[in-house]
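Working through the structure, step by step
Chain residues, written in single-letter form:
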Amino acid sequence: MSDSHVSTLPAARHHHDPALLEQFDTIEQQKDVSQLGMWVFLITEIMFFGGLFAAYLIYRNLYNPAFVFASKSIAISYGAINTAVLICSSLTMAMAVHSAALGARKLLILFLVATLALGGVFLGIKAVEYHDKYVEHHIPGPNFDFNYERAENHEEVAPADVAAQTSIFFALYFAMTGMHALHMIIGVGILLVLIWRAHHGAYPPHHYTMVENFGLYWHFVDIIWIFLFPLLYLVSRSPVH
Amino acid sequence: MSSAGTGHIVSPKIYIVIWLILLVFTGLTVFAAFQNFGILNPIIALTIAVTKATLVFLFFMHVKYSPKMIALVIGSGLFFLSILLVLTCADYISRSWTT
């Protein structure tokens, strides 16, 4: 990655850092390689979500009226609050990496705990949303009925064919937000390990690659949501369309 | 660009500015969704999303301060994503065309 350490091999071998694995010349090279690997993993994640986005794009074009109806039935406030929560958690994560770089262990733990808490808030709001979908009979399957109690609640009733097509939107909604939520749950699990290990001083300022790479993962999950929010919640909210 | 040494340390001030911009853009995209811009509505929503994602990539994910190799890897990944999206859509749009 960097060409500055070619001649440093003997020096690096002499005062050996226990964190430095033997196949690397310097700790910087080890860190660069590790980060490159993390980015390659994130690229595979982009391609994985890319398939879902492609499916979304095609069905949105094929069944646009159904997507407009279905998107309008989702509470915009949950999605907007969750977007803000994730952006805040990205800030606390970036500050956690910053604290690790400075060797401020207490701050590192504090920011990791804050990130964990915000991740928990996100998942809690998501659970409330999913429950709402369940109550409204908006989960694709045998009990799916888009127009269930819509007339009673003075909401616009969709024509029968459009109502049937909305199940495609909701299938994509659950696939995409569900996959995103799964990534969040995995992230929360790793955060717990990071907090535990940080508490035991596992991330000194010259070797906190694990925290940094997890930060990349967390920000990536944030980016996925940045796209999911407008695509799922904001298809068409204007009165005339 | 090099990450030699202990790595580039970004000032928390930059993080807070980016955080504020991201929150403002979130409000902006909700506001724009309630306006009727016709065909421009999804374009505006996606432009804001791409801008937000770029800010997260560059600053929160340190791409701006990382080796060029990282930018190359991301660029190639996005190139393949564009093949996935553009060619799939081109097929669906043009399949009904008859001569």
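Residues numbered from 1 in each chain as written. Chains lettered and ligands numbered in written order. Predicted model: local features only at pLDDT ≥ 70, side-chain atom pairs only at ≥ 80, totals over all residues.

Some words on unusual backbone geometry
Residue and element names in this part refer to chain A. Defined as follows: Helix and strand assignments come from DSSP, with helices taken as H or I runs of at least 4 residues and strands as E runs of at least 2, each series counted from the N terminus. Any residue with 12 or fewer other C-beta atoms within 10 Å of its own C-beta is exposed, any with 20 or more is buried, and the rest are partly exposed; the C-beta atoms used are placed from the backbone.
One non-glycine residue, Glu149, lies in the positive phi region at around 60°. Assignment of secondary structure puts Glu149 in the loop between α5 (105-135) and α6 (160-199). The phi dihedral of His154 falls on the positive side, at around 60°, and the residue is not glycine. By the secondary structure assignment, His154 is in the loop between α5 and α6. Take His154: there are 6 C-beta atoms within 10 Å of it, and that puts it in the exposed class.

A look at the confidence of the model for chain B
Residue and element names in this part refer to chain B. Stated formally: Each residue carries a pLDDT score, the predictor's own confidence in it, on a scale running from 0 to 100. Contacts are defined on C-beta atoms placed from the backbone: any two residues whose C-beta positions lie within 7 Å are in contact.
Confidence in the prediction of chain B, expressed as mean pLDDT, is 90, and 92% of residues score 70 or more. Ranking the elements of chain B by mean pLDDT puts helix α3 (residues 68-94) last with 94 and helix α1 (residues 12-33) first with 97. Here residues 1-6 is a poorly scored stretch, pLDDT under 50, and it has 20 contacts once near neighbours within four places are set aside; other chains count. Reported confidences for the modelled complex are a pTM of 0.90 and an ipTM of 0.90.

Things to note about the interface of chain B and chain A
Threshold: Residue polarity follows a fixed list, in which Ala, Val, Leu, Ile, Met, Phe, Trp, Tyr, Cys and Pro are nonpolar, Asp, Glu, Lys and Arg are charged, and the others, Gly among them, are polar.
Across the boundary between the two partners, chain B contributes 41 residues, which contact 45 residues of chain A. Those elements giving two or more residues to the side of chain B that touches chain A turn out to be α1, α2 (40-60) and α3 of chain B. Tallying contributions element by element places α3 of chain B first for the side of chain B that touches chain A, with 12 residues. Residue classes in the side of chain B that touches chain A are distributed as 29 nonpolar, 11 polar and 1 charged.

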